[in-house]
Amino acid sequence: MFHLTASDLRHAEAKFVLNSNVTRLSLGSFALIALSILWVGWLALHNLFMVGWISAMLFSTAGYLSMVHSFKANLRQRMKAVGLVADATCLVRVAETQFKLKTPNGQFSWPIRKVKLWRTLHGLLFAPEPDLYVFVSKHSEFSFETFEEFRERVFRPVEQ
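These notes cover the structure that comes with them. (Residues numbered from 1 in each chain as written. Predicted model: local features only at pLDDT ≥ 70, side-chain atom pairs only at ≥ 80, totals over all residues. Heavy atoms only, no water.)

**Examining the sheet that holds strand β7 (residues 132–137)**
Spelled out, the test is: A strand pair is defined by DSSP finding two or more bridges across the two strands. Secondary structure is summarised from DSSP: a helix means a run of H or I of at least four residues, a strand means a run of E of at least two, and numbering begins at the N terminus for each. As a rule, the C-alpha atoms of each element are fitted with a line to give its axis, helices using only the stretch in contact, and angles between N-to-C directions run from 0 to 180 degrees. Contact criterion: two residues are considered in contact whenever any of their non-hydrogen atoms come within 4.5 Å of each other.
The 3 strands lie next to each other as β5-β6-β7, forming an open sheet whose pairing is antiparallel. On the outer flanks of this sheet lie β5 (116–120) and β7, each paired with one strand and no other. Looking at each pair of strands side by side, their axes are set apart by 20° on average, direction ignored. Strand direction decides the pairing type here: strand β6 (residues 123–129) and β7, joined by 5 bridges, are antiparallel. Along β7, the bridge assignment pairs Phe-126 with Val-134. Where helix α1 (residues 6–20) meets the sheet, its contacts fall on β5, β6 and β7, and the angle it forms with β7 comes to roughly 130°. Where helix α3 (residues 49–82) meets the sheet, it contacts β6 and β7, and its direction lies at approximately 65° from that of β7.

Written as structure tokens, this is what we have:
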């Protein structure tokens, strides 16, 4: 059983967004860097280096944020629909074949082989769907095992 806090959700969302969009963000970053260099270079030829540098930083920031904006909006909508919101108490069960989640909005189940899994400094991040994540904090309440035992049990089938 675990209780979702707003800070846990923010931390997990950032990790999930980066992991889910790594190709898009990498290619977009290269394109933004190339365009910024061209923009700053062109303005430097006209003695406007500082204007080019500052405007390139602002446009790059806006471009980078726009690359994940729609993904984050869909993600937050799906999280809310499932019931994974701040201050919700949820239950996760990980079996050999199923990943089960019980939230205030109902019970959900996915085949364990389709669930992506990442370790973070603060816990485990499960992704049963492309636009949904479940974060289990190290500080969650575990009935019959510790967090370390849970983590080892979850990763054991994956690493063999």
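After that view of the structure, there is still more to cover.
**Examining unusual backbone geometry**
What counts is decided by this rule: Here the term buried applies to any residue with accessible area under 20% of the maximum for its type, exposed to any over 50%, and partly exposed to those in between, with areas from a 1.4 Å probe on protein chains only.
Positioned with a positive phi, Asn-47 is a non-glycine residue whose angle comes to about 60°. The exposure class of Asn-47 is exposed, given its relative accessible area of 72%. Notably, Asp-87 is not glycine yet its phi reads approximately 70°, a positive angle. Mapped onto the elements of the fold, Asp-87 is located in the loop between α3 and β2 (89–94). You can call Asp-87 exposed: its relative accessible area is 58%.

**Things to note about the packing of aromatic side chains**
Quick reminder of the rule: Each aromatic pair joins two rings of Phe, Tyr and Trp (for Trp, the six-membered one) with centres within 6.5 Å, and gets the label stacked for planes under 30 degrees apart, edge-to-face for over 60, and tilted for any other angle. Throughout this description, the term charge over a ring refers to an Arg CZ or Lys NZ atom that lies within 6 Å of the ring centre and within 35 degrees of the ring normal.
Counted under the stated rule, the structure contains 10 aromatic pairs. Between Phe-142 and Phe-150, the ring centres sit 5.3 Å apart and the planes meet at 40°, which makes this aromatic pair tilted. Exposure remark for Phe-142: the relative accessible area of 21% places this residue in the partly exposed category. Residue classification places Phe-150 among the buried positions, given a relative accessible area of 3%. Ring-pair connections join several aromatic residues into one group, and the members of that group are Phe-99, Phe-108, Trp-110, Phe-126, Phe-142, Phe-147 and Phe-150. In this structure, Arg-119 packs its charged tip against the face of Phe-155, placed 3.9 Å from the ring centre.

**Some remarks on a nonpolar patch on the surface**
Spelled out, the test is: Patch building starts from residues that exceed 30% relative accessible area and form no salt bridge, then joins like charges within 9 Å and nonpolar side chains (Val, Leu, Ile, Met, Phe, Trp, Tyr) within 5 Å. To measure how exposed things are, a 1.4 Å probe is used in the Shrake-Rupley method; for residues, cover is taken only from the protein chains shown. Criterion for a salt bridge: a side-chain nitrogen of Lys or Arg within 4 Å of a carboxyl oxygen of Asp or Glu.
A cluster of nonpolar side chains, contributed by Phe-49, Met-50, Trp-53, Ile-54, Met-57 and Leu-58, occupies part of the molecular surface with about 630 Å² of accessible area. Trp-53 sits in the partly exposed class, given a relative accessible area of 40%.

**Quick notes on the environment of Thr-120**
For clarity, the cut-off: Polar contact is the term for a pair of N or O atoms within 3.5 Å; when the atoms are in protein, one must be able to donate a hydrogen and the other to accept it, and sequence-neighboring residues count only if both atoms are side-chain atoms.
You can see Thr-120 is positioned in strand β5. Under the relative-accessibility criterion, Thr-120 is labelled buried at 13%. Excluding its chain neighbours within four sequence positions, the residues that come into contact with Thr-120 are His-11, Lys-15, Leu-125 and Phe-135. Reaching out from Thr-120, the side chain makes a polar contact with the backbone nitrogen of His-122 at a distance of 3.2 Å.

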